[in-house]
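# Examining the three-dimensional arrangement
Residue-level listing of the chains:
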Amino acid sequence: MAESDGSEAASPSPSSGARAGGGASPEPRPPRPQLTKSRTISGSAAASIWAADRVGGGGGGVRDSILVRRSSTAPLPPPPASVAGASPAPRRLTVAVDDPSYAAPNGGVLDRDWCYPSFLGPHASRPRPPRQQQQTPTSADRPSANPTVPPRVVAVSQREEEKSLASVVKRPALLEERRPLPPPLPPPRAPRFDLSPYLPLLLVLTFTSCTLAIWQWVKVMGLQEKIRSCSDGNAGNREGTDKVSWIDRGHGSAFINSGNWNLAPSSTIFALAVPLFLFKYIDQLRRRQTNSMRARGSEEEVPLKKRIAYKVDVFFSGHPYAKLLALLLATIILIASGGIALYVVSGSGFLEALWLSWTFVADSGNHADQVGLGPRIVSVSISSGGMLVFATMLGLVSDAISEKVDSWRKGKSEVIEINHILILGWSDKLGSLLKQLAIANKSIGGGVVVVLAERDKEEMEMDIAKLEFDFMGTSVICRSGSPLILADLKKVSVSKARAIIVLASDENADQSDARALRVVLSLTGVKEGLRGHVVVEMSDLDNEPLVKLVGGELIETVVAHDVIGRLMIQCALQPGLAQIWEDILGFENAEFYVKRWPELDGMRFGDVLISFPDAVPCGVKVASKAGKILMNPDDEYVLREGDEVLVIAEDDDTYAPGPIPEVNKGFLPNIPTPPKYPEKILFCGWRRDIHDMIMVLEAFLAPGSELWMFNEVPEKEREIKLTDGGLDICGLANIKLVHKEGNAVIRRHLENLPLETFDSILILADESVEDSIVHSDSRSLATLLLIRDIQSKRLPSRELKSPHRYNGFCHSSWIREMQHASDKSIIISEILDSRTRNLVSVSKISDYVLSNELVSMALAMVAEDKQINRVLEELFAEEGNEMCIRSAEFYLYEQEELSFFDIMVRAREREEIVIGYRLANTDQAIINPEHKSEIRKWSLDDVFVVISKARKT
């Protein structure tokens, strides 16, 4: 019922009004929706309200039990002004009334009802009948409020009465179609426990128990009668005594004489008590199930068969030895039930029956000796069960062996190793990395390398076997697992490894670095701690600080993309430097080592430099500066206690300090270092870290240099990417950016470039195809061939005209023309696959950089000694010491005879350390040469590989 300010109102019944108005025939109307929230009052209360409010009204007539329904909960409109200056009428509320004849049959109370609110206007689907002429009572005809009416009753305003009386004609017709609502459904009752499935079992058990009890009782009575007759007839006979003794012995386990409890009465009582206990158990089960059903209410009932299957499934999946225990329990039950059955049907003792039951289970052929129908049936049943048990046992044993072999084959067993190298992840760099680690461990007779990756163990072993490389005693163990799971990390003895290498995945840079960060977090969560350091291969330089922040001092990072970019720039500015870096980074030739030599304490670095006949000292690890490595120190630096010497040597056990040799210092040629000239460089392709490469070039090149950028990225987008990367384009002082848009594998696009005018051309692995090594290398190789072909046709041929022509295939002369073009400009190609490297190296048309090979070498070197990472970072940086190639004219005169030690001492005047040389008539540089004291004749066409002091632009 609608309420407002504690007052309610009732309006005249439409049905009664219709009868007073002449009894208009009912008209059908569409059904109205039902509100979920409504309240009704009884018909008697509504009648009293109506009688109190309207006595002798225009719609007169007797109204029996009227129902008042709530029509709206909206705020009531302000009360209308009173007539003839009377006091303001109270707030009124329009209510709808129904004839009780159309109400529900439950005492005039409706469960749900509805009335369209009057203030919303007429209902759209309700037909509007014409207004009929009838007398409308005025306010003067209305009696005053009756004080006996309850306080919740209010009067109806004149305007609202007119509206309600206008619809009185239609209201009976609308109410006639109302049908009594059905009574509410009773709540669902829990189903009763059904004993019908258990009745046959109970009947069988009861009948069997009673039969067994009666049979045992009859047998016991017969045996007791025999014993009594034997005792009476042969009281003094020895044979009778023996019979009695035999009977007692044969059935001693079953019963005992003279009034004591024996097994037969006990078994009889037990057999009779079994049905009672079963009935009791089933009754308890019924009560529990009934209570459970009542508690669950209307929940769906799960069949007993499914519940049992679920319990069995949980048991077998949750217990590792569940199958074995189930088989053992089944065997015990079979032996016990078979023994009891044999004891019942045969005359043997109980223990003898149990033993016979076991023999029937273990060997199904033992039942052939049984005599009698009962023993034969029981023995055949036991033998059949035994065959089933042993077949099941053989299946379980076979499954267990197969599962163990599969676990070994799939790499699920634990690795029991110490001081091994652990590689986490799988990438194309793994083959080169394993090769370098095997070479590094050759001096100690081989080591152990463990690979943990999310691949199948057999696939990893097959891929490693395809390398066709002799690991020289190094064992490679593969395990399948995730480096993000601590259990898999413990499986490969991560806490006992001397070095851990985290390889970058083949995904894009951000995803690869995010995965590396999660792996580092997993490594820091190892409870046992880590014995060795962690080398993480990063893809983006911007993500390096975050990984170091998480890992702390144990983490050493190698940013592969940044290292390759810096090497490409150095190799473009100094041809041939790529081969020098391969020799130094790889373990096949000379590499960096740090070691302490106490006998060198107190010596000057100038003397230490020539004290190693089989190594070249390059720096000092200063103990007083927390182990900081000082590259190319002054000659006057004196080694102190705790300092270590950084050298380039063949292996860590192939060098040792010796006596200081005699050197011929001589005179250093007075040739100043030539100034830097502006250069013109071309970038073909777009790398994600190209802004870092531009900043490195800004530090290397002389003012007035030009950098042409040729790729498919729009010019406006390039500027946005470079600015987002942190490059200040307007702040470039030494180089000028020239943007050209085009495809590097389309010839007509390349022909629009002045390719013959560039000093260096860098073919980059484009960002769009860097995830695919094959596509990237194919694109780089196609670009290289197109550029060389265009250059060979534009540049004048310098080949000497000779009548002796080359008698070879036509493509040989084409390659020679491109080789001549390579003498004019330097092309550095970013090659990722070693197979593509062979194609480029055989043709000799480009100085190349093998990305994966160099990164693998750097990772292996840092894994062997984490201190080397500081050396590589300084040599790759824009500031500090650098590795470069110098002409021989800076250190000697033409045809001068000097030893390598003499040249090393002369180079100290230029603050340089000579680490190797390349003769004019050879293509291979020699790092850390042997026989350094041997005097030889040098040419000005020879070049030396040196480590020089900080560069100045």
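Calculation rules
Residues numbered from 1 in each chain as written. Predicted model: local features only at pLDDT ≥ 70, side-chain atom pairs only at ≥ 80, totals over all residues. Heavy atoms only, no water. UniProt positions renumbered as here; feature names shortened; annotations may be inferred. Helix = DSSP H or I, 4+ residues; strand = E, 2+ residues; numbered from the N terminus. Buried < 20%, exposed > 50% of the residue type's maximum accessible area, 1.4 Å probe, protein only. Contact = heavy atoms within 4.5 Å. Areas by Shrake-Rupley, 256 points an atom, 1.4 Å probe, with all protein chains shown as cover. pLDDT = per-residue confidence, 0-100. Core = buried A, V, L, I, M, F, W, Y, C linked by side-chain atoms within 4.5 Å. Patch = residues over 30% accessible without salt bridge, like charges linked within 9 Å, V, L, I, M, F, W, Y side chains within 5 Å. Salt bridge = Lys/Arg side-chain N within 4 Å of Asp/Glu carboxyl O. Expected span 1.5 Å × (residues − 1). Pairing = 2+ DSSP bridges. Lys, Arg positive; Asp, Glu negative; His and termini not counted. Charge placed at Lys NZ, Arg CZ, Asp CG, Glu CD. Axes fitted to C-alpha atoms, helices over the stretch in contact; angles between N-to-C directions. Parallel < 35°, antiparallel > 145°, perpendicular 65-115°, else oblique. Left-handed = near helix turned anticlockwise from the far one by under 90°. Nonpolar A, V, L, I, M, F, W, Y, C, P; charged D, E, K, R; others polar.

Looking at an unreviewed UniProt entry, one finds the protein named RCK N-terminal domain-containing protein and attributed to Urochloa decumbens. Per UniProt, the protein carries the Sequence similarities (unreviewed entry) text "Belongs to the castor/pollux (TC 1.A.1.23) family."

Moving on to the overall build of the protein. In terms of regular secondary structure, the protein is built from 28 helices and 26 strands. For the protein, the proportion of its 953 residues judged to be buried stands at 44%. Within the protein, contacts between residues separated by at least 24 positions form 77% of all contacts whose residues are at least 6 apart in sequence. Surface summary for the protein: the accessible area is close to 50,700 Å², and the carbon and sulfur share equals 57%.

So, about the confidence of the model for the protein. For the protein, per-residue confidence averages 74 on the pLDDT scale, and residues scoring 70 or more make up 66% of the total. Confidence over residues 129-178 falls short of pLDDT 50; this stretch has 88 contacts with residues more than four positions distant or in other chains. Overall, residues 797-821 carries pLDDT values under 50, and its contacts beyond four positions in sequence, including any with other chains, amount to 25 contacts.

Attention shifts here to the environment of Ala440. Note that Ala440 resides in helix α12 (residues 430-440). For Ala440, a relative accessible area of 14% puts it in the buried group. The sequence separation of Ala440 and Glu864 amounts to 424 residues, and the corresponding C-alpha distance is 8.1 Å. Setting aside residues up to four positions removed in sequence, Ala440 forms contacts with Phe587 and Glu864.

Moving on to the nonpolar core. Ile423, Phe592, Leu762, Ile915 and Phe944 are the most contacted members of the largest nonpolar core, which has 124 residues in total. The element contributing the most residues to this core is helix α26 (residues 851-864), with 9 residues.

According to UniProt, the feature "transmembrane region" (unreviewed entry) maps to residues 198-218 and 324-345 in the numbering used here. With 100% helix and 0% strand, residues 324-345 has end C-alpha atoms that lie 31 Å from one another.

Before going further, it helps to spend a moment on a nonpolar patch on the surface. A cluster of nonpolar residues, Leu304, Ile308, Val312, Phe315, Phe316, Tyr321, Leu324, Leu325, Leu328 and Ile332, forms a patch on the protein surface that exposes about 950 Å² of accessible area. Of all the elements in the fold, those that place two or more residues in the nonpolar patch are α8 (304-318) and α9 (322-345). No other element matches α8, which puts 5 residues into the nonpolar patch.

A separate point is helix α15 (residues 509-524). Taking 1.5 Å as the rise per residue, α15 with 16 residues should run 22 Å; its terminal C-alpha atoms sit 23 Å apart, in good agreement. Along α15, the residues that are buried comprise Ala509, Ser512, Asp513, Arg515, Ala516, Leu517, Val519, Val520, Ser522 and Leu523. Of the surrounding elements, those touching the buried residues of α15 are β5 (421-424), α14 (486-491), β8 (499-502), β9 (533-538), α16 (544-551) and β10 (555-559).

This part is about the pairing of strand β23 (residues 912-918). For β23, the buried fraction is high: 6 of the 7 residues fall into the buried class. Across 6 bridges, the pairing between β23 and strand β26 (residues 943-948) is antiparallel. Paired with Val914 across the strands is Val946, a residue of β26. Pairing geometry for β23 and strand β24 (residues 926-927), over 2 bridges, is antiparallel. Residue pairing across strands places Tyr917 opposite Ile926, the latter belonging to β24.

Below, the discussion takes up a negative patch on the surface. Where like charges cluster on the molecular surface, the negative patch consists of Asp428, Asp506, Glu507 and Asp771. With respect to the helices, strands and loops of the structure, Asp428 is situated in the loop between β5 and α12. Judged by its relative accessible area of 47%, Asp428 falls in the partly exposed class.

Our focus in this paragraph is the packing of α9 against helix α10 (residues 350-362). Between α9 and α10, the least distance of the axes is 8 Å, while the angle of their chain directions is 125 degrees. Looking at the two axes, α9 sits oblique to α10. Relative to α10, the crossing made by α9 is right-handed. Residue-level contacts link Leu334, Ile335, Ala336, Gly338, Gly339, Ile340, Leu342 and Tyr343 of α9 to Phe350, Ala353, Leu354, Leu356, Ser357, Trp358, Phe360 and Val361 of α10. Classifying every residue of the contact of α9 with α10 by side-chain character gives 13 nonpolar, 3 polar and no charged.

Once that is clear, we can look at the side chain of Gln867. Mapped onto the fold, Gln867 is located in the loop between α26 and α27 (868-876). In this structure Gln867 touches Val594, Lys621, Ile629 and Glu644, once residues within four positions along its chain are discounted.

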